[in-house]
Amino acid sequence: MQRRTRLVLAPLAASTLLGIALTACAPGATTNDSAADIEASTELTTDEITLTLMSTPESGAATEATIAAFEAEHPNIAIEYSQTNYDDYNQSVNLNLSGDQSPDIVLLNAVANTVKNKLVLPLDDYAGLYGWDDFFPANQLNQWRVAEDGSTLGDGGALVAAPAGFSLVGVYYNKALAAQLGITAPTSLAELEASLEKASSAGALPVQLGNAEGHAAFIVQLLGQGEAGADDANAWAFGHEGETFDTAANRTAAETLAAWQKAGYLGDATTANGTDLQGAVDNFIAGKGLFLVDGIWDAGKIGDGLGESAGFLPFPGANVTGIGTSVAYAISAQSEHPNEAAAFLDFLRSSEASEQQFAQGFMPNDPTVAVAEEGTLQGDIVASWAKVAEADGLVAFNNNATATMNDTLKAGTQQLIAGQLSVDDFLASIQDDWAKAHAG
Amino acid sequence: MTTSLSRTRGESAHIAGSPRRPRRGWSALLYILPAFVFYGTFIVAPWVQSIWLSFWNWDGIGAATWAGVENYVKVVTDERLLTALRNGLGFIVFYTVFPVILGLIIAAVIAARPRRGSGLVRTILFLPQILPLVAVGVIWRYLYAADGPINQGLTAIGLGDVARAWLGDFTWAYPAVGVIGTWVTTGLCMMLLLAGIQKIDPSLYEAARLDRCGPIRQFWHVTVPGVRAEIVVAATVTLISALASFDIVYVTTGGGPGYQTIVPGVLIYKLVFTSNEVGLACALATVLSAIILVFVALIGRAGRRNA
């Protein structure tokens with residue numbers, strides 16, 4: 001027996017030594033940041049250069065066409081475009097930025113680890129040179145302003161990315177079904193609740209909800225910020241010190257969601273929790289549900305499916321608000337041509353780029369190109385976007401408040417509508433997650 | 001070990017190298033060197049590295065800070081991590097216990113009366129093994145959907161009240177995911193056990209029949225003891241896939257609803273790629289591999305003792 005043990009232990013010890021030898025002592029890499037040494041300027045090089053840009057198929061849909069327009073204007077600058085799907089992109093973006101072959105321009109979906117580790121360049125000098133601050137409403141840029149701590153967003157922080165186009169979450173409704181039930185588009189929360197009641201008593205499903213991925217979180221956020229206003233809501237989503245999710249407005253929002261569930265407005269809780277967003281969109285197109293709370297990224301599919309019956313509204317509340325973020329691009333701290341990369345970011349608000357964004361279903365940086373026929377779904381979306389922009393009511397996704405918040409909201413809303421979690425515990429679980437990331 | 005090595009190198013090696021004691025020299029080590037280098041580089045080094053990382057707070061990119069045993073304290077106190085470990089252990093029932101029992105019964109039936117169709121049955125049952133688990137997950141998600149085939153079937157036979165979105169149900173999501181595991185691993189167990197049964201000396205069955213043993217007694221007294229070694233192998237392999245399960249859960253429920261189906265594999269993935277807590281993820285992975293080693297040792301020991 002003893003001999004046997006020794007035979008096992010010897011290779012094990014040898015392997016362990018080998019493993020340690022192959023392992024660096026303290027984990028973590030240091031990166032060089034050549035871009036920081038180059039002074040910001042709008043003067044571009046006349047040399048032939050190539051920039052590389054990384055994006056995802058959804059967010060980059062308009063970018064390839066925009067690149068062609070940019071290259072036509074700057075014949076000596078070529079931009080090489082590459083894309084990977086959303087999940088893979090998010091897992092690899094930081095490794096790409098910290099590696100030896102860093103791309104010059106990257107799509108930024110979240111600031112978290114990227115900004116904390118200074119992998120992208122602060123863009124404030126360029127914002128000043130190009131006048132971005134005057135061009136964009138404050139809440140449209142604030143989502144990409146990051147304070148020194150690397151996690152608090154909003155006014156006063158360093159700008160780390162420039163928007164290419166915007167998304168918006170609001171309420172889709174089935175105009176044909178509404179007409180049949182004698183319901184007109186609600187403009188206040190009271191009217192919305194009256195419509196839900198009316199639809200329910202007529203035997204129609206009031207709200208189509210697919211919560212397998214936690215999209216009931218949109219309803220909670222929209223109810224809460226409609227009551228509290230965009231600035232309060234953004235303060236929490238941006239991680240400002242001393243904020244809490246346990247506000248009167250959010251409590252009412254969570255209670256309202258639970259009450260809607262009890263009243264049967266959301267259908268069966270198990271079905272909602274077992275249906276993903278695309279399943280809910282399919283159901284909504286099939287006529288199941290008067291309302292659907294979703295982003296404009298599904299507008300193409302819903303417009304094709306429901307035709308003239310498809311309508312869109314900003315979520316009704318005391319304040320006009322919407323949830324939205326921008327497709328935004330940042331410059332690698334390792335880029336050797338930050339000035340030329342910044343010129344491309346500035347080009348994103350040109351009318352050519354804006355038209356491409358609008359054609360792909362995003363709200364464009366230049367709002368004058370967003371023209372759509374009144375009464376169509378696209379027309380409704382443009383009108384909603386204008387209302388939200390006018391009220392400066394754009395709020396960042398609560399789901400992005402911390403790296404794990406999407407998962408926490410998903411689990412929390414699933415438990416809330418299934419009656420597995422009280423409103424108190426729901427609010428506490430969200431705030432716990434927030435406090436872990438934003439304590440300091 | 002040193003003595004035997006020096007002896008083979010010495011002059012007397014030819015005499016001392018008796019057939020009872022195979023000689024071992026440096027030349028022998030040379031043969032295993034290529035395999036050892038690969039194993040060391042791709043298996044052992046990453047494994048040791050992940051153990052090393054488990055003692056650090058590291059976000060995967062920036063500089064790390066020493067954490068000591070802090071991550072391990074979190075693993076054994078964090079409720080979410082414990083839920084995941086409990087769920088992983090529970091999957092042993094679905095991945096190991098059910099498949100071994102089912103596989104044994106099916107193998108015994110096929111072996112007892114080989115018919116024309118039994119080759120086809122064997123192939124169909126083994127098929128889930130060769131499908132990528134992600135594809136398996138996608139298929140089952142469709143089957144379990146609110147308006148999917150399973151619910152349509154239930155409604156058709158008048159059980160519409162039972163129909164539900166199985167993966168969204170707080171009570172049923174866990175067993176529903178478990179059944180997928182049973183479906184996948186039963187074929188493997190059956191094949192292993194069938195091979196074992198075919199190795200059993202037919203004269204044992206003949207003797208049992210002469211002693212008036214019916215098919216069930218033959219199963220208990222001849223088949224089961226005869227395939228003990230194969231049962232140990234099947235249990236070991238499936239137990240590892242139960243505790244290390246990831247693909248099926250990730251694709252079907254992502255751990256939901258709530259945290260009902262969260263397993264260590266999914267949590268480790270999320271800790272690394274979502275919350276960037278690489279150290280904590282490595283600590284959980286280390287605890288998980290320790291648990292797996294203990295279970296594998298226990299099964300091996302149980303198999304030897306009863307042999």
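Residues numbered from 1 in each chain as written. Chains lettered and ligands numbered in written order. Predicted model: local features only at pLDDT ≥ 70, side-chain atom pairs only at ≥ 80, totals over all residues. Heavy atoms only, no water.

Regarding the overall build of chain A
Broken down by element type, chain A carries 20 helices and 13 strands. Its C-alpha atoms give chain A a radius of gyration of 24 Å, within 12% of the compact-globule value 22 Å for 440 residues. If you line up chain A on its principal axes, its C-alpha atoms span 75 × 70 × 40 Å. Counting across all 440 residues of chain A, residues that qualify as buried make up 54%. When contacts within chain A are restricted to residue pairs at least 6 apart in sequence, long-range pairs at least 24 apart make up 77% of them. Accessible surface, chain A: about 18300 Å² in total, of which carbon and sulfur atoms supply 51%. Across chain A, the centroid of the 16 positively charged side chains sits 16 Å from that of the 56 negatively charged ones. (Helix = DSSP H or I, 4+ residues; strand = E, 2+ residues; numbered from the N terminus. Rg over C-alpha atoms; globule rule 2.2 N^0.38 Å. Buried < 20%, exposed > 50% of the residue type's maximum accessible area, 1.4 Å probe, protein only. Contact = heavy atoms within 4.5 Å. Areas by Shrake-Rupley, 256 points an atom, 1.4 Å probe, with all protein chains shown as cover. Lys, Arg positive; Asp, Glu negative; His and termini not counted. Charge placed at Lys NZ, Arg CZ, Asp CG, Glu CD.)

Considerations on the overall build of chain B
In terms of regular secondary structure, chain B is built from 15 helices and two strands. For 307 residues, the compact-globule formula gives about 19 Å, and the C-alpha radius of gyration of chain B, at 25 Å, lies well above that figure. Along the longest, intermediate and shortest principal axes, the C-alpha atoms of chain B span 85 × 75 × 30 Å. Taken across its 307 residues, chain B has 42% of its residues classed as buried.

Notes on unusual backbone geometry
Cis peptide bonds are those with omega within 30 degrees of zero, and the linkage from glycine 256 of chain B to proline 257 of chain B qualifies with -5°. With phi around 55°, lysine 118 of chain A is a residue other than glycine that occupies positive phi space. Structurally, the position occupied by lysine 118 of chain A is in the loop between α4 (112–116) and α5 (124–130). Of note in the backbone geometry, arginine 212 of chain B takes a positive phi value of approximately 60° without being a glycine. Secondary-structure assignment places arginine 212 of chain B in the loop between α10 (202–210) and α11 (215–226). Overall, arginine 212 of chain B belongs to the exposed group, its relative accessible area being 76%.

Some words on the pattern of salt bridges
Applying the stated criterion to the full structure yields eleven salt bridges over all chains. Salt-bridge contacts for aspartate 59 of chain B lead to lysine 116 of chain A; the nearest nitrogen and oxygen are separated by 3.3 Å. Of this pair, aspartate 59 of chain B sits in the loop between β1 (56–57) and β2 (65–66) while lysine 116 of chain A sits in helix α4, on two different chains. Close ionic contact of arginine 164 of chain B with aspartate 169 of chain B constitutes a salt bridge, the shortest N to O distance being 3.0 Å. Several salt bridges share partner residues, and in doing so they unite Asp124, Asp133 and Arg145 of chain A into one network. (Salt bridge = Lys/Arg side-chain N within 4 Å of Asp/Glu carboxyl O.)

Focus on the nonpolar core
Residue and element names in this part refer to chain A. Counting residues in each nonpolar core, the largest one holds 75 residues, and the members touching the most others are Trp132, Val160, Tyr172, Ile302, Tyr329, Phe344 and Leu345. With six residues, the top contributor of residues to this core is helix α16 (residues 338–347). When sequence neighbours within four positions are dropped, the list of residues in contact with leucine 345 reads Ile105, Leu123, Trp132, Ala162, Tyr329 and Ile331. Counting 48 residues, the second largest nonpolar core, distinct from the first, contains Leu209, Ala216, Ile417 and Leu427. (Core = buried A, V, L, I, M, F, W, Y, C linked by side-chain atoms within 4.5 Å.)

Here we look at the confidence of the model for chain A
Averaged over every residue, the pLDDT of chain A is 89; residues scoring 70 or more account for 92%. Considering each helix and strand of chain A separately, the mean pLDDT is smallest for helix α1 (residues 2–22) of chain A, with a value of 55, and largest for helix α12 (residues 248–262) of chain A, with 97. (pLDDT = per-residue confidence, 0-100.)

With respect to the packing of aromatic side chains
Throughout the structure, instances matching the rule amount to 29 aromatic pairs over all chains. Ring geometry for phenylalanine 70 of chain A and phenylalanine 344 of chain A: centres 5.2 Å apart, planes at 90°, overall edge-to-face. Here phenylalanine 70 of chain A, found in helix α2 (residues 63–73), pairs with phenylalanine 344 of chain A, found in helix α16; they are 274 residues apart in sequence, far enough to count as distant. Each member of the pair, phenylalanine 70 of chain A as well as phenylalanine 344 of chain A, carries the same accessibility label: buried. Ring geometry for tryptophan 140 of chain B against tryptophan 183 of chain B: centres 5.5 Å apart, planes inclined by 70°, an arrangement best described as edge-to-face. Of this pair, tryptophan 140 of chain B sits in helix α7 (residues 133–144) while tryptophan 183 of chain B sits in helix α9 (residues 173–199), and the two are 43 residues apart along the sequence. Overall, the relative accessible area of 11% leaves tryptophan 140 of chain B in the buried class. With a relative accessible area of 35%, tryptophan 183 of chain B lands in the partly exposed category. These aromatic residues form a ring-pair network of at least three members: Trp52, Phe55, Trp56, Trp66 and Tyr72 of chain B. (Phe/Tyr/Trp six-rings, centres within 6.5 Å; stacked < 30°, edge-to-face > 60°.)

Digging into the sheet that holds strand β12 (residues 363–364) of chain A
Residues and elements named next belong to chain A. Pairing is mixed in the open sheet, where six strands are placed in the order β2-β1-β3-β11-β6-β12. Each end of this open sheet is capped by a strand with a single partner; those strands are β2 (77–83) and β12. Against the sheet, α2 touches β1 (49–55), β2 and β11 (326–331), its axis set at about 170° to β2. (Pairing = 2+ DSSP bridges. Axes fitted to C-alpha atoms, helices over the stretch in contact; angles between N-to-C directions.)

Digging into the layout of surface pockets
Here the second largest pocket is characterised by a volume of approximately 630 Å³. Considering only residue class, the lining of the second largest pocket consists of 15 nonpolar, three polar and three charged. (1 Å grid on protein atoms, 1.4 Å probe; cavity = no way out; pocket = protein on both sides within 12 Å on 5 of 7 lines; lining within 4 Å. Points joined across faces, edges and corners; volume = space filled by probe spheres on them. Nonpolar A, V, L, I, M, F, W, Y, C, P; charged D, E, K, R; others polar.)

What about the packing of α7 of chain B against α9 of chain B?
Residues and elements named next belong to chain B. Look at α7 against α9: their axes get within 11 Å of each other, and the N-to-C directions meet at 130°. In terms of orientation, α7 and α9 fall into the oblique class. When you trace α7 past α9, the crossing you get is right-handed. Facing Leu133, Val136, Trp140 and Tyr144 of α7, the residues of α9 in contact are Ala176, Val179, Ile180, Trp183 and Val184. (Parallel < 35°, antiparallel > 145°, perpendicular 65-115°, else oblique. Left-handed = near helix turned anticlockwise from the far one by under 90°.)

Thoughts on the side chain of glutamine 140 of chain A
Mapping glutamine 140 of chain A onto the fold places it in helix α7 (residues 138–142). The contact partners of glutamine 140 of chain A, leaving out residues within four places of it in the chain, are Pro163, Phe166, Ser326, Trp385, Ala389 and Leu394 of chain A.

Quick look at the pairing of β2 of chain A
Direction of pairing for β1 of chain A relative to β2 of chain A: parallel, over a ladder of seven bridges. What sits directly across from threonine 52 of chain A, in β2 of chain A, is glutamate 80 of chain A.

So, helix α12 (residues 228–243) of chain B
If you check α12 of chain B, its first and last C-alpha atoms are 22 Å apart, about what 16 residues at 1.5 Å a residue would give, namely 22 Å. By the burial criterion, the buried members of α12 of chain B are Glu230, Val232, Ala234, Ala235, Thr236, Thr238, Leu239, Ala242 and Leu243 of chain B. (Expected span 1.5 Å × (residues − 1).)

Quick word on the environment of tyrosine 144 of chain B
Residues and elements named next belong to chain B. Relative to the elements of secondary structure, tyrosine 144 occurs in helix α7. Excluding residues that lie within four positions of it along the chain, tyrosine 144 makes contacts with Ile150, Asn151, Arg164, Ala165, Trp166, Leu167, Ala176, Val179 and Ile180. Engagement of the side chain of tyrosine 144 in a polar contact is seen with the backbone oxygen of alanine 176, the distance being 2.8 Å. (Polar contact = N/O pair within 3.5 Å; in protein donor to acceptor, adjacent residues only side chain to side chain.)

Some thoughts on a nonpolar patch on the surface
Taken together, the side chains of Val93, Val97, Phe98, Ile101, Leu102, Ile105 and Val109 of chain B make up a nonpolar region of the molecular surface, amounting to roughly 570 Å² of accessible area. Mapped onto the secondary structure, valine 93 of chain B falls in helix α5 (residues 79–112). (Patch = residues over 30% accessible without salt bridge, like charges linked within 9 Å, V, L, I, M, F, W, Y side chains within 5 Å.)

Regarding the packing of α9 of chain B against α12 of chain B
Residues and elements named next belong to chain B. Where α9 contacts α12, the two axes come as close as 9 Å, and the packing angle between them is 165°. Between α9 and α12, the angle is such that the two are roughly antiparallel. Crossing angle aside, the handedness with which α9 passes α12 is right-handed. Between α9 and α12, the residues in contact are Thr185, Leu188, Cys189, Leu192, Leu193, Gly196 and Lys199 and Glu230, Ile231, Val233, Ala234, Val237, Thr238 and Ser241, respectively. Considered class by class, the residues forming the contact of α9 with α12 number eight nonpolar, four polar and two charged.

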